[in-house]
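Below are the chains, spelled out letter by letter.
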Amino acid sequence: MAAETPQRLRFGRAARIKLGRDFAATRREGERLVLGCLIANWRRLPNGSPSRLGVITARTIGGAVVRNRARRLLRETYRAHQHDLAQPVDLVLVARPSIAGKGLAEVEKDFLTTLRKARLLK
RNA sequence: UUGGAAGGGCGGAGGAUCGCUUUCGUCCCGCGCAAGCGGGGCGGAGGAGGAAAGUCCGAACACCAAAGGGCGCGAUGCCGCGUAACCCGGCCUUAGGCCGGGAUACAUGCGGGGGGUGAUGCCGUGAGGCAUCCCGACGGAAAGUGCCACAGAAAAUAAACCGCCCACGCCUCGAAAGAAGCGCGGGCAAGGGUGAAAAGGUGGGGUAAGAGCCCACCGCUCCAAGCGCGAGCGCGGAGGCACGGAAAACCCCAUCGGGUGCAAGGCCAAAUAGGGGACCACGGAGCGGCCCGCUCCAGGUUCCGCAAUGCGGAACGGGUUCCGGGUACUGGCUGCUGAGACAAAUGAUUCUCUCCGUCCGUAAGGGCGCAGACAAAAUUCGGCUUACAGCCCUUCCAAAAUC
RNA sequence: CGGAGCGUAGCGUAGCUUGGUAGCGCGUCUGGUUUGGGACCAGAAGGUCGUGGGUUCAAAUCCCACCGCUCCGA
């Protein structure tokens, strides 16, 4: 499969959740799982539609530097594994205070463990 | 050389791959008659800080009635100099530069004056004085109101508890002189004691006892030669000495400040929704400079609910070069420089070099530590304050070593 | 981005205006009461007044600068 269509790992503006009502709907109607340094909310979408990601970094986890860092790590993790999802979802990741000081590998480990528990991985 | 203090500066460099974002060019796809709109590919260029932070001051800019006057409120408050945007004038070779002047708020920087007497040292018998360092929001306490707890007799028009002294009376002792006690009248503020502060201080004279009552010195107040741009300093002289502290209590005086802030403010399209409750009111709203008049039928306030998108302000700016025209200034198919997001870009992985710390090693070298601290633009700019791994420079101090 | 407010015993608060003693309630501890517990009665302990400077004889209070927290604004 990789030989004919090598999947690009893109993450443009269309792949993000931007509206407040989409965040609220996902967190209200979707499923939820807390693990490690993050909280995952997701809402399954019909096959064929694109997946989207939203990241929430509240003020309680730290200053602007810590919050920017957390958001970028979570986005980078999602970008690297966006094609491993079993089906399209709206995914909202909430960073927890323990994410401060962690590297990409640790965040990736928590992310994959969460997806495996949620049975969203292929 | 090491350590410390103060001040100033820097806050890794060069690549690769994958992403994000702004912008330019080009190509493709969809819709559309077209203009264009939407999406995507490729290529080029750009993409956090010294504090971007705190939001403590101001300025630009925008709107509010013109931003002017009054009231209120707030801020500031010793002197001199420097620094910007800004304004004005003159000259030139006219792009622009040079010179001169004006004006400043928040400030800030430098220097000075005065103060505190905090620390240290020196001088003096002493009261005190001088020097160095440090601190400092530094107009007015005889404009007024109020405050100074407790203690103490008395806390701001001084006062008299224990005391000291004098005269008189009574009584006791005594041969007498006189002494002690009590009472009454008067003088005093030296000593004790209280306090943060007791109404100049030290030493002497003087006195019944005392007192700036008198004298010397110290301090203070006033005048003042002279010096300094000035705040002020002050040779010398006069005054027995008044005027406690606090205005970071109210307040008074002078100066300055209109208010709100890019969520300011502007534009386009569509929808919510012809929603509900309560109250007010019989007329209300719009057109209009006002009245008449005309049009509409509901109007106003408040609460709840729903909705809250796009463009743009906003970087196309700013700076500078060049070319024009002008007094300031202003214009441009010009070159260079170039963050511009909006659920919010500046990230991930990795290579080389160098810095620092640490560990291993005799050494060469190697391993580890996210280049390792603080902290990320959100209209722009100036200042202040605060945080900070490590490195560099200057000055000072201390210790050790050498000469 | 802009604006407003609050930090006092373990908890919740008063005192700040007009500067001199930090008070109250709950809780804690001790004793009494009771067969025992609760309730009640009596007593006691417990305070860097967020931090650091300044003004003052004297600061929780006045002034300044920081730190932390909360709320409001399309």
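Now for a look at the structure at hand. From a predicted model like this one, the values you see are computed outputs, not experimental measurements. (Residues numbered from 1 in each chain as written. Chains lettered and ligands numbered in written order. Predicted model: local features only at pLDDT ≥ 70, side-chain atom pairs only at ≥ 80, totals over all residues. Heavy atoms only, no water.)

1. Observations regarding the pairing of strand S1 (residues 31-35)
Piece 1. Here S1 runs beside strand S2 (residues 38-44); their pairing, made up of five bridges, is antiparallel. Looking across to S2, one finds that Leu 35 is bridged to Leu 38.
Piece 2. Hairpin connection from S1 to S2: two residues lie between these consecutive antiparallel strands, with Gly 36 at a positive phi of about 60 degrees. (Pairing = 2+ DSSP bridges. Helix = DSSP H or I, 4+ residues; strand = E, 2+ residues; numbered from the N terminus.)

2. Regarding the packing of helix H2 (residues 64-81) against helix H3 (residues 104-117)
Piece 1. At a minimum axis separation of 10 Å, H2 and H3 run at an interaxial angle of 60 degrees. For the element pair H2 / H3, the angle class is oblique. H3 is crossed by H2, and the crossing has right-handed handedness. Contacts from Leu 73, Leu 74, Glu 76, Thr 77, Tyr 78 and His 81 of H2 reach H3 at Leu 104, Val 107, Glu 108, Phe 111 and Leu 112. (Axes fitted to C-alpha atoms, helices over the stretch in contact; angles between N-to-C directions. Parallel < 35°, antiparallel > 145°, perpendicular 65-115°, else oblique. Left-handed = near helix turned anticlockwise from the far one by under 90°. Contact = heavy atoms within 4.5 Å.)

3. Some points on the nonpolar core
Piece 1. Among the nonpolar cores identified, the biggest contains 25 residues, and Leu 74, Leu 91, Leu 93, Ile 99 and Phe 111 are the most heavily contacted of them.
Piece 2. Contributions of two or more residues to this core are made by S2, strand S3 (52-56), H2, strand S4 (89-95) and H3.
Piece 3. Contact partners of Leu 74, with chain neighbours within four places excluded, come to Leu 38, Leu 53, Val 55, Leu 93, Ala 95, Ile 99 and Val 107.
Piece 4. The next biggest cluster of nonpolar side chains, apart from the first, holds five residues, and it includes Ile 17, Phe 23, Ile 39 and Val 92. (Core = buried A, V, L, I, M, F, W, Y, C linked by side-chain atoms within 4.5 Å. Buried < 20%, exposed > 50% of the residue type's maximum accessible area, 1.4 Å probe, protein only.)

4. Describing H2
Piece 1. In this model, H2 (18 residues) spans 26 Å end to end at C-alpha, consistent with the 26 Å of a helix rising 1.5 Å per residue.
Piece 2. All buried positions along H2 are accounted for by Ala 70, Leu 73, Leu 74, Thr 77, Tyr 78 and His 81. Down the axis of H2, the smallest arc covering the buried residues is 130 degrees, so these residues share one side. Summarising the geometry of H2, the exposed residues directed more than 90 degrees from the buried face are Ala 64, Val 65 and Arg 72.
Piece 3. Packing partners of the buried residues in H2 comprise S2, S3, S4 and H3. (Expected span 1.5 Å × (residues − 1). Arc of directions from axis to C-beta.)

5. Comments concerning unusual backbone geometry
Piece 1. Positive phi values are uncommon outside glycine, yet Arg 119 reaches one of about 60 degrees.
Piece 2. Secondary-structure assignment places Arg 119 in the segment after H3.
Piece 3. Classification of Arg 119 as exposed rests on a relative accessible area of 71%.

6. Details of the sheet that holds S3
Piece 1. Across the sheet, four strands lie side by side as S1-S2-S4-S3; this open sheet has mixed pairing. A strand with exactly one partner marks an edge of an open sheet, and here the two such strands are S1 and S3. Each strand of the sheet is rotated relative to its neighbour by a mean of 15 degrees, with strand direction disregarded.
Piece 2. Two strands pair when backbone bridges link them, and S2 and S4 are joined in this way by seven bridges, in the antiparallel orientation. The partner of Ala 40 across the bridge, within S4, is Leu 93.
Piece 3. Its contacts with the sheet place H2 against S2, S3 and S4, and it is angled at close to 160 degrees to S3.
Piece 4. Where H3 meets the sheet, it contacts S1, S2 and S4, and its direction lies at approximately 140 degrees from that of S1.

By themselves, these are just geometric observations and shouldn't be taken as functional.
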